[in-house]
Amino acid sequence: MRFRAKIVDLACLNHFSRVINTIAKLAKTCTLRLTDSKLYFILSDKVANGGVSMWCELCQGNFFDEFQMEGVAAEHNEIYLELVPENLSRALKTAQSAKAVKIKLTNKHCPCLRVAVELPSLSSSSRIVTHDIPVGVIPRRLWNDFREPSVPDFDVSIYLPVLKTMKSVVERMKNLSNSVVIEANLSGEMNLKIETDLVSVTTHFKDLGNPPWASEDGCQSSAQGRDLESMAEARIDIKKLQQLLARQQVNPTKALCNIVSKRIVHFVLLHEDVSLQYFIPALA
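The structure presented is a predicted model; accordingly, all values stated were derived computationally and were not measured. (Residues numbered from 1 in each chain as written. Predicted model: local features only at pLDDT ≥ 70, side-chain atom pairs only at ≥ 80, totals over all residues. Heavy atoms only, no water.)

Trainee: Hey, could you run me through the overall build of the chain in this one?
Mentor: For the chain, the count of helices and strands is four helices and 18 strands. For the chain, the C-alpha radius of gyration of 21 Å lies close to 19 Å, the compact-globule estimate for 284 residues. Taking the principal axes of its C-alpha atoms as reference, the chain extends roughly 65 × 45 × 30 Å. A total of 284 residues make up the chain; the buried ones form 47% of that total. For the chain, the proportion of contacts with a sequence separation of at least 24, taken over those separated by at least 6, is 64%. Surface accessibility of the chain: about 14,300 Å² in total, with carbon and sulfur atoms responsible for 48%. Of the side chains in the chain, 34 bear a positive and 31 a negative charge, and the two mean positions are spaced by 9 Å. (Helix = DSSP H or I, 4+ residues; strand = E, 2+ residues; numbered from the N terminus. Rg over C-alpha atoms; globule rule 2.2 N^0.38 Å. Buried < 20%, exposed > 50% of the residue type's maximum accessible area, 1.4 Å probe, protein only. Contact = heavy atoms within 4.5 Å. Areas by Shrake-Rupley, 256 points an atom, 1.4 Å probe, with all protein chains shown as cover. Lys, Arg positive; Asp, Glu negative; His and termini not counted. Charge placed at Lys NZ, Arg CZ, Asp CG, Glu CD.)

Next up, the structure:
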């Protein structure tokens, strides 16, 4: 099992840093899955137990100048590691003006991701700062626990408003309530509502548009045949929503959410080379 990679391009390095920073804010620990073409950051708290889950996918070719890996076996050419993303984020913070960053899986006293940051120096010799980030190697028999979460049959899918706007609305609401109702319909309308004994506040968004979801046989999930005006809604933990919006270091080119009434809200943020899915379960 071997892995080594190198980033030389500064724009790619900063972009990679921003992605890791976002993940570090969303998950205390996560699973890093390496394949020869992609990296995945996975958080699979069981949604059934009220935990959020996350699936972030990056094409390695868009970030790394060199990328070599050998998985656990020829027929299972993948590596699954458990790590604390904050540690990786910290290591990359020292790399903002680096000439190159090398990442390598090592195993001296315990398995580590070694991040070697080559800094520009005035003399001919280069300065290299290394960070050893402890990781846990996840055995092959547990890999099935980290499959891509299936998107439930949703009632409504809608594009999100500008995330900055949504973030400032949610931040104000957070001071008034622990939960927020997110509701939307197939006419491009979405509302964020809080209701307490003392106050009820609703923010309306219009003309957001609904993604043209069509499955293979041409029918559109359970949204098919649904009244365009009727709202699907779910009440979710406002802190979990705020966490997602507050941490958007990666400005998505498309952001949408799928609502399964009373069950789950599934957010999808797409950038040209990163996709992030985030599932927040509904509160009873």
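Here the narrative resumes.
Trainee: I tried to follow the sheet that holds strand S18 (residues 274-281) on my own but got confused; where do I start?
Mentor: The strands that make up a sheet pair up through hydrogen bonds in the backbone, lying either parallel or antiparallel. Sheet architecture is open: nine strands sit in the order S10-S6-S2-S3-S4-S18-S17-S16-S11, paired in antiparallel fashion. The open sheet has two edge strands with one neighbour each: strand S10 (136-137) and strand S11 (156-159). (Pairing = 2+ DSSP bridges.)

Trainee: Help me understand the pairing of strand S17 (residues 264-271) in this model?
Mentor: In summary, the side chains of a regular strand alternate between the two faces of the sheet. Along S17, seven of the eight residues are buried, which leaves the element largely enclosed by surrounding structure. Of the strand pairs in this sheet, strand S16 (residues 254-260) and S17 are connected by seven bridges, and their pairing is antiparallel. If you follow Ala 255 over to S17, its bridge partner there is Leu 269. In sequence, S16 turns back onto S17 through a hairpin of three residues, with Lys 262 there showing a positive phi of about 65°. With eight bridges joining them, S17 and S18 adopt antiparallel strand pairing. Its bridge partner lying in S18, Ile 264 is registered against Pro 281. Hairpin connection between S17 and S18: a loop of two residues separates the two successive antiparallel strands.

Trainee: What is the right way to look at the side chain of Lys 193 in this model?
Mentor: With respect to the helices and strands, the residue Lys 193 is situated in strand S13 (residues 190-195). Here Glu 183 takes part through its side chain, which lies 3.5 Å from a polar atom of the side chain of Lys 193. Dropping the residues within four chain positions of it, Lys 193 is found in contact with Met 173, Val 180, Val 181, Glu 183, Val 201, Thr 202 and Glu 233. (Polar contact = N/O pair within 3.5 Å; in protein donor to acceptor, adjacent residues only side chain to side chain.)

Trainee: I'm lost on the domain arrangement of the chain in this one. Help?
Mentor: Note on interface size: it is often stated as the accessible area lost on association of the parts. Under the domain assignment, the chain is made up of domain 1 (2-145) and domain 2 (156-216 + 227-281). One C-alpha centre belongs to domain 1, the other to domain 2, and the line joining them spans 29 Å. Tallying the contact residues gives 20 residues for domain 1 and 18 residues for domain 2. Together, the buried faces of domain 1 and domain 2 total about 1,700 Å²; carbon and sulfur atoms form 62% of this surface. Counting across the interface, domain 1 meets domain 2 through zero salt bridges. Taken together, the links from domain 1 to domain 2 amount to five residue pairs in polar contact (both at pLDDT 80 or more). Across the side of domain 1 that touches domain 2, the residue classes break down as ten nonpolar, seven polar and three charged. (Domains from an automatic or database assignment. Buried area = accessible area lost by both parts, 1.4 Å probe. Salt bridge = Lys/Arg side-chain N within 4 Å of Asp/Glu carboxyl O. Nonpolar A, V, L, I, M, F, W, Y, C, P; charged D, E, K, R; others polar.)

Trainee: Hey, could you run me through the pattern of salt bridges in this one?
Mentor: Pairing between side chains of opposite charge can happen when the charged atoms of each approach one another. Per the stated rule, a full pass over the model turns up eight salt bridges. A salt bridge links Glu 70 to Arg 2; the shortest N-O distance between them is 3.4 Å. Placement of the pair is Glu 70 in strand S5 (residues 66-70) and Arg 2 in strand S1 (residues 2-7), with a sequence separation of 68 residues. The class of Arg 2 is exposed, set by a relative accessible area of 54%. Put simply, Lys 38 and Glu 57 hold a salt bridge, and the shortest N to O gap is 2.7 Å. Taken together, the residues Lys 38 in strand S3 (residues 38-44) and Glu 57 in strand S4 (residues 53-59) connect sequence positions 19 residues apart. Classification of Lys 38 as partly exposed rests on a relative accessible area of 21%.

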